[in-house]
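Structural features, examined
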Amino acid sequence: DAKTTQPPSMDCAEGRAANLPCNHSTISGNEYVYWYRQIHSQGPQYIIHGLKNNETNEMASLIITEDRKSSTLILPHATLRDTAVYYCTSRGGSNYKLTFGKGTLLTVNP
Amino acid sequence: DAGVTQSPTHLIKTRGQQVTLRCSPKSGHDTVSWYQQALGQGPQFIFQYYEEEERQRGNFPDRFSGHQFPNYSSELNVNALLLGDSALYLCASGQLSGQGETQYFGPGTRLLVL
């Protein structure tokens, strides 16, 4: 299973961009990088995923390095409601499971 | 369009009992995965069902079993409950596509074993 490494916590000022890093150096070539977030013991919420190209949707942008060993989730204008635990994970091919670490607790401050 | 739903929301059992948790996938989805999340930890994969068959299993004992019905809904059964089975149980559904399958999570069932 691909192992992901994330900082345990980060702070961000409201209205600023939040950049959350993830190291996934053991990811295999056919595995997608997925990002989820979890707000206070609710179910994880899907944010975005990508394989090798950068991706953007209404929630966030995902930047994946060319060697695919790391990625960054960008929340362009963080709000207080973005305070959550953010998980970086991967899956693909015949591996159907998402493997979660402890994630990054992002705290958005007023 | 309803998302993933789970029932019950909360449950209290005693050691040695058996429990059944239920999940209805998002409309149009055909895979159901179950995860266990202990306090302060990330979700841990239990197993995934597709076409009514278990097609991948995580590192969980045989006390954990499941089923997927023809309408794609699913049940998670846990026998001989232990105190350590207290956790948030999450169901995630997905739809197989050319880009793989993105899993969408339900709100979870919080199980307390006394």
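Read on for a plain summary of the structure. (Residues numbered from 1 in each chain as written. Chains lettered and ligands numbered in written order. Predicted model: local features only at pLDDT ≥ 70, side-chain atom pairs only at ≥ 80, totals over all residues. Heavy atoms only, no water.)

Counting from both sides, the interface comprises 23 residues of chain B and, opposite them, 20 residues of chain A. Both faces combined, the contact of chain B with chain A buries some 1700 Å², and carbon together with sulfur accounts for 49% of it. Inspection of the chain B/chain A interface yields one salt bridge. B:Glu101 is the partner of A:Arg91 in a salt bridge, and the nearest nitrogen-oxygen pair spans 3.6 Å. Counting across the interface, chain B meets chain A through 11 residue pairs in polar contact (both at pLDDT 80 or more). Among the elements of the structure, strand S4 (31–37), strand S5 (44–50), strand S6 (53–57), strand S9 (87–94) and strand S10 (104–105) of chain B are those that each provide at least two residues to the side of chain B that touches chain A. Partitioning the side of chain B that touches chain A into residue classes produces eight nonpolar, 12 polar and three charged. (Contact = heavy atoms within 4.5 Å. Buried area = accessible area lost by both parts, 1.4 Å probe. Salt bridge = Lys/Arg side-chain N within 4 Å of Asp/Glu carboxyl O. Polar contact = N/O pair within 3.5 Å; in protein donor to acceptor, adjacent residues only side chain to side chain. Helix = DSSP H or I, 4+ residues; strand = E, 2+ residues; numbered from the N terminus. Nonpolar A, V, L, I, M, F, W, Y, C, P; charged D, E, K, R; others polar.)

Moving on to the environment of A:Thr79. Residue and element names in this part refer to chain A. Position of threonine 79 relative to the elements: it lies in the loop between strand S7 (70–75) and strand S8 (84–91). A relative accessible area of 28% places threonine 79 in the partly exposed class. Counting along the chain gives 31 residues from threonine 79 to proline 110, while the straight-line C-alpha distance between them is 8.3 Å. With residues up to four places along the chain from it excluded, the contact list for threonine 79 reads Glu14 and Val108. (Buried < 20%, exposed > 50% of the residue type's maximum accessible area, 1.4 Å probe, protein only.)

Sheet strands pair by backbone hydrogen bonding; their relative direction is either parallel or antiparallel. Residue and element names in this part refer to chain A. If you walk across this open sheet you meet the four strands as S2-S7-S6-S5, and the pairing is antiparallel. In the strand order of this sheet, the two ends are held by strand S2 (18–23) and strand S5 (55–56), each with one partner. Across two bridges, S5 lies against strand S6 (residues 61–64) in antiparallel orientation. Within S6, the residue paired with threonine 56 across the bridge is serine 61. (Pairing = 2+ DSSP bridges.)

Residue and element names in this part refer to chain B. In this structure, serine 93 sits in strand S9. A distance of 3.2 Å separates the side chain of serine 93 from the backbone nitrogen of lysine 26, its partner in a polar contact. Apart from residues no more than four positions distant in its own chain, serine 93 is found in contact with Val4, Pro25, Lys26, His29, Thr31, Val32, Thr102, Gln103 and Tyr104.

Next up on the list: the pairing of strand S7 (residues 64–68) of chain B. Residue and element names in this part refer to chain B. Here S7 shows a buried face lined by Phe64, Gly66 and Gln68 and an unburied face lined by Ser65 and His67. Bridge count between S7 and strand S8 (residues 74–78): five bridges; the pairing is antiparallel. Note that in S8 the partner of serine 65 across the bridge is asparagine 77. Hairpin connection of S7 to S8: five residues between the antiparallel strands, including tyrosine 72 at a positive phi of 80°.

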